[in-house]
Amino acid sequence: MSLVADPGLVADSEEPGARSRGRGYGSYVVAKVLGSVGSLLFMLLVNFFLFRVLPGNAAQTLGRGRLNTPAQVAAFNKAYGLNHSVLDQFWIFLKSTAHGDLGLSVKYRLPVSQLIVDRLWPTLLLVGVSTILSTLIGVYLGIRGAWNRGSVFDKVSTGTSLTLYAMPEWWLGLMLIAGLGVGFAFVPGLFPTGGLHSPDIVDTNSVHGILDTIWHLTLPVITLTLAYLAEYSLIMRSSLLDELGEDYLQTARAKGLRDVVVRNRHAVRNALLPTTTVIALNIGFVVSGAITIETVFSIPGLGQLSTEAISTPDFAVLQGTFLVASAGVIGANLIANLIYGWLDPRVRT
Amino acid sequence: MTDLAAPRLSARHLARQRRLASYRRTWRAFRRHRSGVAGLAILLVFVLVALAAPLLASSDGLDVTLANGPVLGAPSSHYWLGTDDNGRSVLTLLIWGSRISLLVGLSATVISMVIGTLMGLVSGYFGGWIGRITFRVTEWMLVIPFLPLAIGLATVLGPGLFNIIIVIGVTSWPSTALLIRSQTLSIKERAYVERAEAIGGGRWHQMGRHVLPNVMPMVFANTTLTVAGAILTETTLSFLGLGDPTRTSWGSMLDSAYQVGAITTGSWWFVIPPGICVVLVVLAFTLIGQALEEVLNPRLRARR
C-alpha cells in the first residue's frame, strides 16, 4: 500500500534527470499549460454550442413554452442577449463566464454560480476520499496480482475487478443500500440510506456532527471506491505485466536483490508511469460516478444538482455543472501532467 | 500455407483464401482464451433471447393497460420473477428489454467506431495542419467528462431511442480515435506502404487499401469493448430518466424500480435481475474484447 506514497521512490527518481531538469521542465510546463488553455477554450465552445446553438430556437427551449406573444419573445431574447449574432453571443458568454456569472437557475431562482459553490463541498469530500482509497487499494491489488500472475489471489482479484467494472456503479450503490441500509431478512439496516446529516444534528461541525457525516458517507464512499478500484487495479496489473519480461529486472535479480526490492524499486516504478496517465485521464470518469452516486444516496452535491436539473430541464444549471466538471477535469489533468513530468523526465519529450 | 500451393488461382481468390486462413488462425487462438469463450457463450444466450423475444413472451405483456398481475408481486409460479409496479411480469420486461439494451449498445458503437476510426486514421496518417487539428480535437474531447456531456446533449435533444444512440455515439469516440491513431502511425512506416507510394498510389489509396485493413483488427477488438461501455451508458442515462419513455430497457426498468421505491420495500426481483443482466452482458463484451485484443495485438500476445 505504501508503494504509491513511498518517499524513497520520489527521491530516487529525481537523480537520473537532475542534470537536464533546468532546461527541459520549463518548456514542458509551457506546453502543458498552453494545451490546457486550448482544452478549456474548446470546452467552452462545446458548452456554448451545446446549450445555446444546438437547441435552435432558444426562446422556445429556455422559455419552455411560456412565451406566447411576440413581445414576450422579444423581451426574452433581449434579456438573454439572443438578439446578437452568434459570434457576439459567444463573446458575451466568454466574458460573463470569466466573471463567474453562469446565469440564473429557472428552478431555484438563484444564480447558478451560488448554487455550485453551495454544493461543491459534499462532492469534493466524496470524490476525494474515494479516489484516494481506490487508487491505493487498486494499485496494491494490481501489483500483487501481476507479480503472482495466475495465482488464486490474481484470479479472484481480476475476476472481481472485471465484474465491478461491468457494473453500473449506482446499481452497486442500490444493492448496498438494500443490503446494509434498509436491511434484509433478519439483518437490520446498519447505515443510513441517504443524505449527509441526520435531521437531529444541530451543529454539523461538532464531533458528533462529523461522526454522523462519516457514518452517512460510509456507503457512498465504499460504492465509489469499489467502482473506481476495479479500473485502477486492472490498469496497474497490465502495466506491471508489460514490465515483467524486461531485461533490467533480470539484471536486478542477477545482482542478488530480494524479490520485494526488484518489485518495488524496479518494476513498479516503471509500471506506475502508464498507470498515472490513465488515472489522470480517468478523472472524467470519477465525475460521472459522483453524479449517479450522489443521486442514489441523496447527497446534496454537484451531481445531484445536475440530475435534478434534468427533469425541469434547468439548462443554466446543467450548463454550469458541465462547465465546472470539465474545468475541474482539465485542471486536475494539468496538475497530474506537471507532477508527472517533474518526476519522470522521459515524458517531457 | 500449403493449401495455397494449388496453381492457377486468381489474385482475388488467393486473397480470400488467405483471409479465411487468417480468420481460422484467429479463431483457434481465441478459443484458447477460456474467459473469451465464456464471454462469447454468455453473449450468444442474450442475443438469442433478444432475437426470440416474440416467441418467449408476448409483447402484450409490455402493455400497461393489459397488465393484470399484482402490484410489485413477489415471484410465483405464474410470474417467475414477480411483477412490476404496473402488474407486468418482470421476466417479460427483461426479455424485451434485452432488445433495446443490445440495440442501443450496438448502434451507438457503430457511430462511435466510424467517427473514431476516421478521426484516428486522418490524424495518424496526415501530417501538417489536418493531422494536428484532428489530433487536438480528439485530445480535447477526451478530457471533457463523458457523463455531464452526455446528460447535457441528451437533455437538449430530448428523450428518444434514436437520440440516445446519437448521444452515446458522438460522445464515446475519442479513445478509439487515439488507439487507431497510434496504430496508424506505426503502420504507415512499414515497407509495403512505402512501396505503394513508390509505385504511385495516392494517399486515399494507401489509407484505404493498406493502412485501414491493418488497423481493422484493433478496431474490431476495440469495438467489443466500446459496446460494453455503450450498454453501461445507456443503462445510466435511462436510469437518470433520459431514455426513451415508450420503450423498456434494463436501464428504464431500474429507473422505475428506483422511482417506486423497490429498494426500500424490498422488492428485490425488480432491482436485481435487470442489474445482473447488464453486468453479464457488459462482462461478456469485455471478456471477448480482452481476448481479441490479446489474440490480435502481437505485443500483448508475447505476454502469455
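Each residue is numbered by its place in its chain's sequence as written, counting from 1. Chain labels run from A onward and ligand labels from 1 onward, assigned in the order the entries are written. It should be noted that, the model being predicted, local features are given only for residues of pLDDT at least 70 and side-chain atom pairs only at 80 or more, the latter also being counted only at that level, while totals for whole chains, interfaces and linings use all residues.

1. Notes on the interface of chain B and chain A
Heads up, the rule is: Working definition of a contact: two residues with C-beta atoms, positioned from the backbone, lying within 7 Å. Secondary structure elements are defined from DSSP: runs of H or I of at least 4 residues count as helices, runs of E of at least 2 residues count as strands, and each element is numbered from the N terminus. Polar here means any residue outside two lists: the nonpolar Ala, Val, Leu, Ile, Met, Phe, Trp, Tyr, Cys and Pro, and the charged Asp, Glu, Lys and Arg; Gly therefore counts as polar.
Each side of the interface is counted separately: chain B has 37 residues, and chain A has 42 residues. Contributing elements (two or more residues each) for the side of chain B that touches chain A: helix 5 (128–143), helix 6 (146–157), helix 10 (203–239), helix 11 (250–259), helix 12 (262–265) and helix 13 (268–296) of chain B. Of the residues forming the side of chain B that touches chain A, the biggest block, 9 residues, is contributed by helix 6 of chain B. Residues belonging to the side of chain B that touches chain A are distributed by class as follows: 26 nonpolar, 9 polar and 2 charged.

2. Here we look at the environment of A:Ala71
Note that A:Ala71 resides in helix 4 (residues 70–79). Separated by 73 residues in sequence, A:Ala71 and A:Arg144 place their C-alpha atoms 69 Å apart.

3. Some details on the nonpolar core
To be explicit about the condition: Put simply, a nonpolar core is buried Ala, Val, Leu, Ile, Met, Phe, Trp, Tyr and Cys residues tied into one set by C-beta atoms within 7 Å. The exposure label follows from counting other C-beta atoms within 10 Å of a residue's C-beta, where the C-beta atoms are placed from the backbone and the thresholds are 20 or more for buried and 12 or fewer for exposed, leaving partly exposed in between.
Core analysis: the largest hydrophobic core is formed by 143 residues, its most contacted members being B:Ala150, B:Val282 and B:Phe285. At 16 residues, the largest contribution of residues to this core is made by helix 13 of chain B.

4. Digging into helix 6 of chain B
Since the α-helix turns once every 3.6 residues, residues separated by three or four places project in the same direction. Residues and elements named next belong to chain B. Rules: Helix span is expected to be 1.5 Å times the residue number reduced by one.
Between its first and last C-alpha atoms helix 6 spans 16 Å; for 12 residues at 1.5 Å apiece the expected length is 16 Å, and the two agree. Residues Phe-146, Leu-147, Pro-148, Leu-149, Ala-150, Ile-151, Gly-152, Leu-153, Ala-154, Thr-155 and Val-156 constitute the buried set of helix 6. At the C-terminal side of helix 6, Gly-158 shows a positive phi close to 90 degrees.

5. Let's talk about unusual backbone geometry
In terms of backbone geometry, most residues other than glycine have negative phi values and most peptide bonds are trans. Here A:Arg109, not a glycine, exhibits a phi torsion of approximately 60 degrees, which is positive. Judged by the 7 C-beta atoms lying within 10 Å of it, A:Arg109 is exposed.

6. Section: the confidence of the model for chain B
Residues and elements named next belong to chain B. Put simply, the rule reads: Across the chain, each position has a pLDDT score giving the predictor's confidence in that residue, from 0 to 100.
Confidence in the prediction of chain B, expressed as mean pLDDT, is 84, and 94% of residues score 70 or more. Confidence, expressed as mean pLDDT per element, reaches its minimum in chain B at helix 14 (residues 298–301) with 59 and its maximum at helix 2 (residues 34–51) with 92. What the predictor reports for the complex is a pTM of 0.84 with an ipTM of 0.85.

7. A word on the packing of helix 8 (residues 174–187) of chain B against helix 10 of chain B
Geometrically, a packed helix pair is captured by the angle between its two axes and the distance between the axes. Residue and element names in this part refer to chain B. Using the following cut-off: All axes here are fitted lines through C-alpha atoms, helices being fitted over the stretch that makes contact, and every angle between N-to-C directions spans 0 to 180 degrees. For classification, angles of less than 35 degrees are called roughly parallel, those exceeding 145 degrees roughly antiparallel, those between 65 and 115 degrees roughly perpendicular, and all remaining angles oblique. Note on convention: the crossing is left-handed when the near helix lies turned anticlockwise from the far helix by less than a right angle, right-handed when the turn is clockwise.
Packing of helix 8 against helix 10 brings their axes to within 10 Å, and their N-to-C directions diverge by 155 degrees. One element, helix 8, and the other, helix 10, form an angle in the roughly antiparallel class. Here helix 8 runs over helix 10; the crossing is right-handed. Here Thr-176, Leu-179, Ile-180, Gln-183, Thr-184 and Ile-187 of helix 8 lie close against helix 10, whose contacting residues are Val-211, Asn-214, Val-215, Met-218, Val-219, Asn-222 and Thr-226. Residues of the contact of helix 8 with helix 10, tallied by class, amount to 7 nonpolar, 6 polar and no charged.

8. Section: the packing of helix 4 (residues 90–125) of chain B against helix 7 (residues 161–171) of chain B
All names here are of chain B. Packing of helix 4 against helix 7 leaves a shortest axis separation of 7 Å and a crossing angle of 40 degrees. Here helix 7 runs oblique to helix 4, going by the angle between their axes. At the point where helix 4 passes helix 7, the crossing takes the right-handed sense. For the pair helix 4 and helix 7, contact is made by Val-104, Ser-107, Ala-108, Ile-111, Ser-112 and Ile-115 and by Ile-164, Ile-165, Ile-168, Gly-169 and Val-170, respectively. Taken together, the residues that form the contact of helix 4 with helix 7 break down as 8 nonpolar, 3 polar and no charged.

9. Looking at the environment of B:Asp60
Relative to the assigned elements, B:Asp60 resides in the loop between helix 3 (53–56) and helix 4. Sequence separation between B:Asp60 and B:Ile144 is 84 residues; the distance between their C-alpha atoms is 42 Å.

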